[in-house]
Amino acid sequence: MTPESSHPTARTPGRVRVRAVYPGSFDPFTLGHVNVVNRARALFDEVVVLVAVNSIKHPGSDEEERAAAVRAVLPVAWTSVTVAAWSGLTATFCRLREVGVIVRGVRNTTDLRAEYQLASMNQSLGVPTVFLPAQPDLAAVSSTAVRALGARRAE
């Protein structure tokens, strides 16, 4: 059996291919993010990791540098996964690139509340959202915590 034929969404006659986007600031891209991408690629034919600009957050590097860092972390064998940098609305990216669904990882109820508001907005713009709960052993991992740990080690 080839890796393609063992993929749950491998080509099936008459089935529509579904592209998904996994947006985030990814500053940095954590093991939790890798886990969400891995699970999303089992659900969808293609997954685009969308390194986005978020005006509320102030990342340590620009979106192109973060996109390159994400590419460096993802396994080369994950051929159904691509990485793109984007500074507009996720729903606009989806319309322009024929992406059918947004994937979001949620670690806890606080994340879910915030993500639900974004999902409602994106749904009103014609793009549904699928939530993937964090694996229990990764639920405490956040980019903020990873950055803080990195800053302490640098001191």
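Procedures and definitions
Here the residue index of a chain counts from 1 through its sequence in written order. For a predicted model such as this one, the threshold for reporting local features is a pLDDT of at least 70, and the threshold for listing and counting side-chain atom pairs is 80 or more; totals across whole chains, interfaces and linings nevertheless cover every residue. Only hydrogens and water are set aside when side-chain values are computed; all heavy atoms of the structure are taken into account. By definition, pLDDT measures how confident the predictor is in each residue, and it falls between 0 and 100. Any two residues having at least one pair of non-hydrogen atoms within 4.5 Å are treated as being in contact. A simple rule labels every residue: compare its accessible area, found with a 1.4 Å probe on the protein chains alone, to the largest value its type can have, and call it buried under 20%, exposed over 50%, or partly exposed in between. Helix numbering and strand numbering both begin at the N terminus, where a helix is a DSSP run of H or I of at least 4 residues and a strand a DSSP run of E of at least 2. For this quantity, the arc is that covered by the directions from the helix axis to the C-beta atoms. Residues adjacent in sequence count toward polar contacts only when both atoms are side-chain atoms; beyond that, a polar contact is any pair of N or O atoms within 3.5 Å, and within protein one must be able to donate a hydrogen and the other to accept it. Strands pair, by our definition, only if DSSP identifies at least two bridges between them. Under this scheme, a helix contributes an axis fitted over its contacting stretch, all axes are lines through C-alpha atoms, and angles between N-to-C directions fall in the 0 to 180 degree range.

K.L.:
What is the right way to look at the confidence of the model for the protein in this model?
P.N.:
Per-residue pLDDT for the protein averages 85, and the proportion of residues at 70 or more is 79%. Confidence drops under a pLDDT of 50 for residues 1-6, and excluding neighbours within four residues, the segment shows three contacts in the predicted structure. Counted against residues more than four places away or in other chains, residues 149-155, with its pLDDT under 50, gives zero contacts.

K.L.:
Is there a simple way to think about helix α3 (residues 63-73) in this case?
P.N.:
Since the α-helix turns once every 3.6 residues, residues separated by three or four places project in the same direction. For α3, the full list of buried residues reads Arg 66, Ala 67 and Val 70. All buried residues of α3 fall inside an arc of 105° around its axis, so they share one side. Among the exposed residues of α3, those oriented more than 90 degrees off its buried face are Glu 64 and Ala 72. For α3, the side-chain oxygen to backbone nitrogen distance between the N-cap and Glu 64 is 3.0 Å, and the N-cap itself is Asp 62.

K.L.:
I keep staring at the sheet that holds strand β5 (residues 129-133) and nothing clicks. Help me out?
P.N.:
Strands in a sheet are paired, the pairing made by backbone hydrogen bonds, and the direction either parallel or antiparallel. As summarised here, the arrangement of the five strands in space is β3-β2-β1-β4-β5, forming an open sheet in which the pairing is parallel. Here the strands that pair on one side only, and so sit at the sheet edges, are β3 (81-86) and β5. Put simply, the sheet's adjacent strands are angled 30° from each other on average, direction ignored. Where strand β1 (residues 19-24) and strand β2 (residues 46-52) come together, six bridges link them in parallel fashion. Residue Ala 20 lies in a different strand from β2, and its bridge partner there is Val 47. With respect to the sheet, helix α4 (residues 90-97) is in contact with β1, β2, β3 and β4 (101-106), its orientation differing from that of β3 by roughly 125°. Its contacts with the sheet place helix α5 (residues 109-124) against β4 and β5, and it is angled at close to 165° to β5.

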